[in-house]
Amino acid sequence: MMAGELVLAAVATLLASLLALVLSHFLPLLLNPKAPKGSFGWPLLGETLRFLTPHASNTLGGFLEDHCSRYGQVFKSHLFCTPTVVSCDQDLNHFILQNEERLFQCSYPRPIHGILGKSSMLVVLGEDHKRLRNLALALVTSTKLKPSYLGDIEKIALHVVGAWRHDDGGSGRGGGVRVVAFCEEARKFAFSVIVKQVLGLSPEEPVTARILEDFLAFMKGLISFPLYIPGTPYAKAVQARERISNTVKGIIEERRSAGSCNKGDFLDVLLSSNELSDEEKVSFVLDSLLGGYETTSLLISMVVYFLGQSAQDLDLVKREHDSIRSNKGKEECLTSEDYKKMEYTQQVINEALRCGNIVKFVHRKALKDVKYKEYLIPSGWKVLPVFSAVHLNPSLHGNAQQFQPCRWEGTSQGTGKRFTPFGGGPRLCPGSELAKVEAAFFLHHLVLNYRWRIDGDDIPMAYPYVEFQRGLPIEIEPTSPES
């Protein structure tokens, strides 16, 4: 009898839990009848798996296409375990971004906090975020046109592309033709640049290799399933972050011990600031490495991918850089004035950002009930402004599926409602211009020294993070014999 009662009690508890789960899932629908149209999917999971289904990054993907056609450009869903309003509307996206901390607030899933750390500029709120971002803007402003920074970019770019003439990794195809995994090369370049600017380290130093190894583990975990069990990518990422933090703390202590040592990098500025705790300084370094590594390398890969499919645009870029180089001595370095002359290159970069959609969406939360036009966004609901939907909207960008750099001719090169590749509002990426400078300088030496084509089929996929499935293998051939 006792066993039977235990079974009944267990069944009753299970049924009560299931009922509570169903009620908690669908109750927001009943309490907020004026929220946008949409669907919530299954309890607990909602529609998250469908939303995260991989698709080509220059397309909306099946989930957004289906929901926009059924419910319009603004709809409700249940994503990341919470009621959500998804916006594919340029005006509402702009409204959300411009009302940060007034009506909306940054709200990334908790597991992201576990990897990035509680002091990361990507997750901190309010005055803490404003303080860190102001410092980042000051660093970027002082760095972007500094001759030593531009010289470092060019030196590293020449080192990376120059190595292809000597090392084919066993992939030589005769006649100077070889295949390189371009995404890996772009990451190598971007990491070398950012670690030099932030920590004053050269690619040859052992500590640089150690940081890169830990950083790769960190990046894999950042985009993995958030399960902290020893051996999982997420757990390895948390451990890798701790190792990187310890390495950075060691470098900080060495600088302090050296006293007057001045390398002119970000870390020097951080150490001279009394506004940040040591923990915030370490997090700031990690944020800088993350932004300068992943975003920049992916942007360069996108540019090479799209130019590899458009001989006409590639020819126009090459002509522009031939013209710039023809007015300089053979060994003369590029300058800020040369960068300003790379007008068509800037159009190509903007179009690669629009088509490639490196950042598909961002996470926000409504701080109160928000009425915008005919939409009501309930307090506490997650809000996802989807940038890719605006970038690929044919009513805003003619022939939106086509790569057409000329669409940017004579238009503002900055951000706006129709073009938000780096976000917007108070959380606009402070290093966006640095990424463009580095991409332009790398492209300069690539187009002057090599011709290339994509080796096989490879496309940028949104997971929702963007990645080339095969690492973008390209077949390259020197344009002239090595002098």
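Residues numbered from 1 in each chain as written. Predicted model: local features only at pLDDT ≥ 70, side-chain atom pairs only at ≥ 80, totals over all residues. Heavy atoms only, no water.

The protein chain is annotated in an unreviewed UniProt entry as Cytochrome P450 724B1 of Miscanthus lutarioriparius. Per its UniProt entry, the protein chain bears the Catalytic activity (unreviewed entry) comment "campesterol + reduced [NADPH--hemoprotein reductase] + O2 = (22S)-22-hydroxycampesterol + oxidized [NADPH--hemoprotein reductase] + H2O + H(+)". Under the Cofactor (unreviewed entry) heading, UniProt states for the protein chain: "heme". (UniProt positions renumbered as here; feature names shortened; annotations may be inferred.)

Peer 1: Looking at this structure, how should I read the overall build of the protein chain?
Peer 2: A tally of helices and strands in the protein chain yields 17 helices and 13 strands. Counting all 483 residues of the protein chain, 51% fall into the buried class. Within the protein chain, counting contacts between residues at least 6 apart in sequence, those at least 24 apart form 70% of the total. Total accessible area on the protein chain stands at roughly 22,200 Å², and carbon and sulfur atoms take up 57% of it. (Helix = DSSP H or I, 4+ residues; strand = E, 2+ residues; numbered from the N terminus. Buried < 20%, exposed > 50% of the residue type's maximum accessible area, 1.4 Å probe, protein only. Contact = heavy atoms within 4.5 Å. Areas by Shrake-Rupley, 256 points an atom, 1.4 Å probe, with all protein chains shown as cover.)

Peer 1: I'm lost on the packing of helix α8 (residues 182-199) against helix α12 (residues 278-307) in this one. Help?
Peer 2: Between two packed helices, what matters for the description is the angle formed by their axes and the separation of those axes. Taken N-terminus to C-terminus, the directions of α8 and α12 make an angle of 145°; their axes are 8 Å apart at the nearest point. As for how α8 packs across α12, the hand of that crossing is right-handed. Seen from α8, the contacting residues are Phe-182, Cys-183, Ala-186, Arg-187, Phe-189, Ala-190, Phe-191, Ile-194, Val-195, Val-198 and Leu-199; seen from α12, they are Val-285, Ser-288, Leu-289, Gly-292, Tyr-293, Glu-294, Thr-296, Ser-297, Ile-300, Ser-301 and Val-304. Looking at the contact of α8 with α12 residue by residue, the class counts come to 15 nonpolar, five polar and two charged. (Axes fitted to C-alpha atoms, helices over the stretch in contact; angles between N-to-C directions. Left-handed = near helix turned anticlockwise from the far one by under 90°. Nonpolar A, V, L, I, M, F, W, Y, C, P; charged D, E, K, R; others polar.)

Peer 1: In this structure, what is going on with the pairing of strand β10 (residues 450-454)? I would like to understand it.
Peer 2: In regular strands, side chains alternate between the two faces of the sheet. Burial along β10 is one-sided: the residues Tyr-450, Trp-452 and Ile-454 are buried and none of Arg-451 and Arg-453 is. Direction of pairing for β10 relative to strand β13 (residues 473-478): antiparallel, over a ladder of five bridges. By the bridge assignment, Arg-451 is partnered in β13 with Glu-477. (Pairing = 2+ DSSP bridges.)

Peer 1: Any chance you could explain unusual backbone geometry here in plain terms?
Peer 2: Trans peptide bonds make up most of the peptide bonds, and negative phi angles are found at most residues other than glycine. If you check the backbone angles, Phe-80 has positive phi at about 55° while not being a glycine. On the secondary structure map, Phe-80 appears in the loop between β2 (74-79) and β3 (82-87). The partly exposed category is assigned to Phe-80, whose relative accessible area is 24%.

Peer 1: Mind showing me how you'd approach the packing of aromatic side chains here?
Peer 2: Remark: the centre distance and the inter-plane angle together describe each pair of aromatic rings, the angle taken between the planes. Applying the stated criterion across every chain yields a total of 23 aromatic pairs. For the pair Phe-182 and Phe-442, a centre-to-centre distance of 6.0 Å together with 70° between the ring planes defines the contact as edge-to-face. Residue Phe-182 is found in helix α8, and its partner Phe-442 is found in helix α17 (residues 432-449); the two are separated by 260 residues along the sequence. Overall, Phe-182 belongs to the buried group, its relative accessible area being 0%. Clustering of aromatic rings is evident, with ring pairs tying together Phe-51, Phe-63, Tyr-71, Phe-75, Phe-80 and Phe-361. Sitting over the face of the ring of Tyr-450, Arg-165 holds its NZ or CZ atom 5.6 Å from the ring centroid. Stacked on the ring of Phe-51, the Lys or Arg Lys-360 has its end atom at 5.1 Å from the ring centre. (Phe/Tyr/Trp six-rings, centres within 6.5 Å; stacked < 30°, edge-to-face > 60°. Lys NZ or Arg CZ within 6 Å of the ring centre and 35° of its normal.)

Peer 1: Looking at this model, I keep getting lost on the sheet that holds β10. Mind explaining?
Peer 2: Where strands meet in a sheet, backbone hydrogen bonds hold them as pairs that are either parallel or antiparallel. One open sheet holds the three strands; their spatial order is β5-β13-β10, and the pairing between them is antiparallel. This sheet does not close on itself; its edge strands, each paired only once, are β5 (178-181) and β10. Neighbour-to-neighbour, the strand axes of this sheet turn through a mean angle of 35°, independent of strand direction.

Peer 1: Mind showing me how you'd approach the pattern of salt bridges here?
Peer 2: Side chains that carry opposite charge are capable of pairing whenever their charged atoms lie near each other. Tallied over the entire structure, the rule returns 23 salt bridges. Note that Arg-70 is salt-bridged to Asp-66, the shortest N-O span being 3.2 Å. Separated by four residues within a single helix, Arg-70 and Asp-66 lie in helix α3 (residues 62-71), roughly one turn from each other. A relative accessible area of 24% means that Asp-66 is categorised as partly exposed. The salt bridge partner of Asp-91 is Lys-373, with a shortest N-O separation of 3.5 Å. (Salt bridge = Lys/Arg side-chain N within 4 Å of Asp/Glu carboxyl O.)

Peer 1: Looking at this structure, I do not really get the UniProt feature "binding site: heme" (unreviewed entry) in the protein chain. What am I missing?
Peer 2: In the numbering used here, UniProt assigns the feature "binding site: heme" (unreviewed entry) to Cys-429. Look at Cys-429 and you get partly exposed, because its relative accessible area is 29%.

Peer 1: Honestly, the nonpolar core in this entry has me stumped. Any pointers?
Peer 2: Proteins that are soluble and globular tend to have nonpolar side chains buried together. Core analysis: the largest hydrophobic core is formed by 60 residues, its most contacted members being Trp-164, Phe-182 and Phe-442. Dropping the residues within four chain positions of it, Phe-442 is found in contact with Ala-157, Val-160, Val-161, Trp-164, Phe-182, Phe-189 and Ile-300. Within the second largest apolar cluster, 39 residues are counted, among which are Leu-139, Val-248, Ile-252 and Tyr-293. (Core = buried A, V, L, I, M, F, W, Y, C linked by side-chain atoms within 4.5 Å.)

Peer 1: How should I be thinking about the environment of Glu-154 in this particular structure?
Peer 2: Among the secondary structure elements, Glu-154 is positioned in helix α7 (residues 147-163). Counting along the chain gives 290 residues from Glu-154 to His-444, while the straight-line C-alpha distance between them is 9.3 Å. If sequence neighbours within four positions are ignored, Glu-154 has contacts with Arg-325, Glu-332, Cys-333, Leu-334 and His-445. A distance of 2.8 Å separates the side chain of Glu-154 from the side chain of His-445, its partner in a polar contact. (Polar contact = N/O pair within 3.5 Å; in protein donor to acceptor, adjacent residues only side chain to side chain.)

Peer 1: Whenever I open this one, a nonpolar patch on the surface confuses me. Can you help?
Peer 2: A surface patch of nonpolar side chains, amounting to about 400 Å² of accessible area, comprises Trp-42, Leu-45 and Leu-49. Assignment of secondary structure puts Leu-49 in helix α2 (residues 48-51). (Patch = residues over 30% accessible without salt bridge, like charges linked within 9 Å, V, L, I, M, F, W, Y side chains within 5 Å.)

Peer 1: Would you take a moment to explain α8 for this structure?
Peer 2: The end-to-end C-alpha distance of α8, which contains 18 residues, comes to 25 Å, matching closely the 26 Å that a straight helix rising 1.5 Å per residue would cover. For α8, the tally of buried residues reaches 14 of 18 residues, placing the bulk of the element in the interior. Phi turns positive, to about 70°, at Gly-200, one or two residues after α8. (Expected span 1.5 Å × (residues − 1).)

Peer 1: Explain helix α10 (residues 233-258) to me, please; I cannot follow it from the model alone.
Peer 2: Counted at 1.5 Å a residue, the expected span for α10 with its 26 residues is 38 Å, and the 37 Å between its end C-alpha atoms agrees. Within the sequence span of α10, burial applies to Tyr-234, Ala-235, Ala-237, Ala-240, Arg-241, Ile-244, Ser-245, Thr-247, Val-248, Ile-251, Ile-252 and Arg-255. Buried residues along α10 sit in contact with α5 (110-116), α8, α9 (206-222), α11 (266-272) and α12.

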